[in-house]
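What the coordinates show
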Amino acid sequence: AYITSLAYILPQVTTVFLGAASALANGTVVSRVGTAAVAATANAFNIPVVVCCETYKFSHRVQLDAITHNELGDPDALCEVKNRPDVNDLRNWNDLQNLRLLNLRYDAVQDKYITMIATEVGMIPASSVPVILREYNTGPSLL
């Protein structure tokens, strides 16, 4: 389903499960672009959001938004809609002097939208990421 159909689909959903590229020390989860929109919309519908993330993906880094540190994709990829050759409004976007396309690869999902993070050590709240990091870095641990 397309991301624009979230509000239509979510009333039929009981729990949202998301993958993660990383879980940061401030509880923010970094994942594929579009994940933040799914988590925020699910939160608006009072649907729990569970992020699946192994502890080796936990990071001491802190990130407040998805702009300051992100990977950029090919801007031309935004101009094509699969199976819709008739949608070509951005075909010559390079010719428009005041238009710049930004194709971000990842989203930063704030901890307030995350109900739990499922890891190999159990279900933890996003605020407990630094606890796992501390336990992992101090000798014998629960990992």
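This report concerns the structure included in the present document. Because the structure is predicted, anything quoted here is derived from the model rather than measured.

The next point concerns the nonpolar core. The biggest cluster of nonpolar side chains holds 24 residues, and the ones touching the most others in it are Val16, Val51, Phe58 and Ile117. Elements that contribute at least two residues to this core include exactly strand 1 (16-19), helix 2 (35-44), strand 4 (49-52) and helix 3 (129-136). In contact with Phe58, other than residues within four places in its own chain, are Ala23, Cys53, Ile117, Thr119, Ile124, Val129, Ile132 and Leu133.

Here we take up the side chain of Ser31. With respect to the helices and strands, the residue Ser31 is situated in strand 3 (residues 29-32). Polar side-chain contacts of Ser31 include one of 3.4 Å to the side chain of Thr35. Beyond its immediate sequence surroundings of up to four residues, Ser31 is in contact with Gly19, Ala20, Ala21, Arg105, Tyr106 and Asp107.

It is worth spelling out the pairing of strand 3 at this point. Pairing geometry for strand 2 (residues 22-24) and strand 3, over two bridges, is antiparallel. Each residue of the ladder has a partner; that of Ser22, found in strand 3, is Val30.

Bringing the sheet that holds strand 3 into the picture now. In space, the four strands of this open sheet follow the order 5-2-3-6, with mixed pairing throughout. Two strands close off the open sheet at either side, each with one partner strand: strand 5 (58-59) and strand 6 (106-109). One ladder, built from four bridges, connects strand 3 with strand 6; its direction is antiparallel. Pairing of Arg32 across the sheet is with Tyr106, part of strand 6. Running over the sheet, helix 2 touches strand 3 and strand 6 and is turned about 30 degrees from strand 6.

A few words now on the sheet that holds strand 1. One open sheet accounts for four strands, arranged 1-4-7-8; its pairing is mixed. The sheet is open, and its two borders are formed by strand 1 and strand 8 (122-124), each paired with just one other strand. Sheet twist, expressed as the average angle between the axes of neighbouring strands with direction ignored, equals 30 degrees. Here strand 7 (residues 116-119) runs beside strand 8; their pairing, made up of three bridges, is antiparallel. Looking across to strand 8, one finds that Thr119 is bridged to Gly122.

It is worth spelling out the environment of Pro48 at this point. By the element assignment, Pro48 lies in the loop between helix 2 and strand 4. Overall, the relative accessible area of 29% leaves Pro48 in the partly exposed class. For the pair formed by Pro48 and Met116, sequence separation is 68 residues and the distance between their alpha carbons is 8.1 Å. Setting aside anything within four residues of it in sequence, one finds Pro48 in contact with Thr14, Thr15, Val16 and Thr115.

Here is what the cut-offs are and how they apply
- Residues numbered from 1 in each chain as written.
- Predicted model: local features only at pLDDT ≥ 70, side-chain atom pairs only at ≥ 80, totals over all residues.
- Heavy atoms only, no water.
- Core = buried A, V, L, I, M, F, W, Y, C linked by side-chain atoms within 4.5 Å.
- Buried < 20%, exposed > 50% of the residue type's maximum accessible area, 1.4 Å probe, protein only.
- Helix = DSSP H or I, 4+ residues; strand = E, 2+ residues; numbered from the N terminus.
- Contact = heavy atoms within 4.5 Å.
- Polar contact = N/O pair within 3.5 Å; in protein donor to acceptor, adjacent residues only side chain to side chain.
- Pairing = 2+ DSSP bridges.
- Axes fitted to C-alpha atoms, helices over the stretch in contact; angles between N-to-C directions.

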